[in-house]
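Notes for the structure review
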Amino acid sequence: QVQLVESGGGLVQAGGSLRLSCAASSTIFSINAMGWYRQAPGKQRELVARITNDGNTNYADSVKGRFTISRDNAKNTVSLQMNSLKPEDTAVYYCSATSVGSRGFWGQGTQVTVSS
């Protein structure tokens, strides 16, 4: 059983910052990579950032230099610090986790709205 609980979404002005957090719990699977995806109205879900259990990170080109993903392996939490937010960042953000056995899990999503 895996559960992902997200928090930190909200409404912010352009240029502002938000920090998203996700807490994962698993009694069955060993979690490998964790990350954040987002889906904006009329667009396909896209990867925002991911981080492996070794600390390797990947970012979407659109957020490089503005977003930072971090992870606490002991607590099984992942955070996304979002700075210099733009209206284009408006989306529902989903926390994800992948088990060592290649199973994927998703959080419920949290809304991020950036006003101009």
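As the structure is a prediction and not an experimental result, all values here were calculated from the model. Per chain, residues are indexed from 1 in the order of the written sequence. Under the rules for a predicted model, residues below a pLDDT of 70 receive no local features and side-chain atom pairs below 80 are neither given nor counted, while totals for whole chains, interfaces and linings still include all residues. Excluding hydrogens and water, the side-chain figures rest on all heavy atoms present in the structure.

1. Quick word on the overall build of the chain
- Labels follow the DSSP assignment, with helices taken as runs of H or I lasting at least four residues and strands as runs of E lasting at least two, numbered in each case from the N terminus. Counting its secondary structure elements, the chain contains zero helices and eleven strands.
- Order of helices (α) and strands (β) in the chain, N terminus to C terminus: β-β-β-β-β-β-β-β-β-β-β.
- Atoms counted for the radius of gyration: C-alpha only. Globule rule: 2.2 Å times residue count to the power 0.38. Computed over its C-alpha atoms, the radius of gyration of the chain comes to 14 Å, within 12% of the 13 Å expected for a compact globule of 116 residues.
- Only protein chains enter the accessibility calculation, which uses a 1.4 Å probe; a residue whose area is less than 20% of its type maximum is buried, one above 50% is exposed, and one in between is partly exposed. Relative to its 116 residues, the chain shows a buried fraction of 39%.
- Residues are treated as being in contact if the distance between any of their heavy atoms lies within 4.5 Å. Across the chain, every contact between residues at least 6 apart in sequence was considered, and the portion connecting residues at least 24 apart equals 54%.
- Counting only carbon and sulfur atoms, one obtains 44% of the accessible surface of the chain, whose full area is about 6,200 Å².
- In the chain, the 11 positive side-chain charges and the 7 negative ones have mean positions that sit 2 Å from each other. Note on areas: these come from Shrake-Rupley sampling with a 1.4 Å probe, and a residue is covered only by the protein chains present in the view. Under the convention used here, Asp and Glu are negative, Lys and Arg are positive, and both His and the chain ends fall outside the count. To locate a charge, the coordinates of NZ of Lys, CZ of Arg, CG of Asp or CD of Glu are taken.

2. Thoughts on the pairing of strand β7 (residues 67-72)
- Burial along β7 is one-sided: the face carrying F67, I69 and R71 is buried and the face carrying T68, S70 and D72 is not.
- Here, a strand pair is defined by DSSP locating no fewer than two bridges between the strands. Bridge count for β7 against strand β8 (residues 77-82) is six bridges, and the pairing is antiparallel. Its bridge partner being in β8, D72 is matched across the sheet by T77.

This is a description of form; function is not addressed.
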